[in-house]
Amino acid sequence: MMQHFLTTESLSKDQLTTILDAAESFYNIDGGHVKKVPLLRGKTIVNLFFEASTRTRTTFELAAKRLSADVLNININASATVKGESLLDTLRNIEAMNVDMFVIRHQDSGAAEFISKHVAPGISVINAGDGRHAHPTQAMLDVFTIRRIKDNFENLKVAIVGDLLHSRVARSQIHALRTLGTQDIRVIAPNTLLPACVETLGVQAFQNMEEGLDNVDIIIMLRLQKERMQGALLPSEHEYFNLFGLTPERLALAAKDATVMHPGPINRGVEISSEVADGIQSVILQQVSNGIAVRMAIMSILAGSE
Ligand code: CP
């Protein structure tokens, strides 16, 4: 039993596999033929997003509704936070409404864990992205997407390309993939966008797309996280695309059946060309769809219903 879902780093292979298997069981509850299941009927889920989101917030809302929960979306910009109410006071007041689960996105690393230590017993906290630290539900939907396409994790060659330095997604992906058995994980970026000692995460670093993409099975492109950059780390976006952008020519260096992924939002012509983003090897929109089943799985496991 898990009470909170804060990182992929702390999870065992069995726990990751349990979530993936549960997500598989929710895959066909898509709002179409099978609309809803009653697993979270009577529960209230609160989406508390202090930072912008399109995919994560909406797929959490859809996931909760497909589990028959009630959903409360707090608009922070129209909340008492703008009048100076502290994070903990906001939390206490929402808790007083008898809620069961908080889904938290925050610009500060560690915010979700901090909140998890202050909620009342019985309330669960899900980290929907904290600063540059972790985005564990994104990593789970990414490994779920990979598992639906590839035979196993052990023999995969995975390249993660772009702004590793500021990416909470990459950290969570690397932990999940390593735990699931992937040995060959490469990170490709200019030196200024690679964390110091990145190899300690169990990856091999490249500063050249032509070398790093050689024969890989999965390419995960990352956005330049300009909102988290302090000072100029790159000469220009144009120069970045010339050196690290994923074009059809560079995609051809990977395995013939390589899959292209991106957590979104994508910046066309900055880290990825439109031809690749919209091409037949891209599963970028499937990742978004898969996020619903994966988030249903995580919420139902935390609620003790799966
Ligand atoms: N991938 C992701 O977290 O997207 P959003 O910021 O739109 O939620």
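Calculation rules
- Residues numbered from 1 in each chain as written.
- Predicted model: local features only at pLDDT ≥ 70, side-chain atom pairs only at ≥ 80, totals over all residues.
- Heavy atoms only, no water.
- Helix = DSSP H or I, 4+ residues; strand = E, 2+ residues; numbered from the N terminus.
- 1 Å grid on protein atoms, 1.4 Å probe; cavity = no way out; pocket = protein on both sides within 12 Å on 5 of 7 lines; lining within 4 Å.
- Points joined across faces, edges and corners; volume = space filled by probe spheres on them.
- Nonpolar A, V, L, I, M, F, W, Y, C, P; charged D, E, K, R; others polar.
- Domains from an automatic or database assignment.

**As for the environment of Gly-279**
Thought 1: Mapped onto the secondary structure, Gly-279 falls in the loop between helix H10 (274–277) and helix H11 (284–302).
Thought 2: For Gly-279 and Val-260, which are 19 residues apart along the polypeptide, the C-alpha to C-alpha distance reads 9.0 Å.

**Examining empty space enclosed by the protein**
Thought 1: Overall, the coordinates contain 2 cavities of 30 Å³ or more when judged by the stated rule.
Thought 2: The calculated volume of the largest cavity comes to roughly 60 Å³.
Thought 3: Considering the residues around the largest cavity, the lining is formed by Arg-55, Thr-56, Thr-59, Gln-138, Leu-141, Pro-263, Gln-287, Val-288 and Arg-295.
Thought 4: Where the lining of the largest cavity is concerned, the elements lending two or more residues are helix H2 (55–66), helix H5 (136–149) and H11.
Thought 5: Its residues placed into classes, the lining of the largest cavity shows 3 nonpolar, 4 polar and 2 charged.
Thought 6: Counting contributing residues, the lining of the largest cavity receives three or more from each of domain 1 (13–134 + 288–302) and domain 2 (136–283).
Thought 7: Here the second largest cavity defines a volume of roughly 40 Å³.
Thought 8: Residue lining of the second largest cavity: Leu-164, Ser-167, Ala-170, Arg-171, Ile-174, Pro-195, Val-198 and Leu-201, and that is the complete set.
Thought 9: Tallied by class, the residues present in the lining of the second largest cavity amount to 6 nonpolar, 1 polar and 1 charged.

**Here's the deal with unusual backbone geometry**
Thought 1: The omega angle of the peptide bond from Gly-264 to Pro-265 is -5°, so this bond is cis rather than trans.
Thought 2: Relative to the helices and strands, Pro-265 is located in the loop between strand E9 (259–261) and H10.
Thought 3: Despite not being glycine, Asn-98 has its phi angle at roughly 65°, a positive value.
Thought 4: For Asn-98, the position within the fold is in the loop between helix H3 (87–95) and strand E3 (101–106).
Thought 5: Phi is positive for Cys-197, close to 55°, though the residue is something other than glycine.

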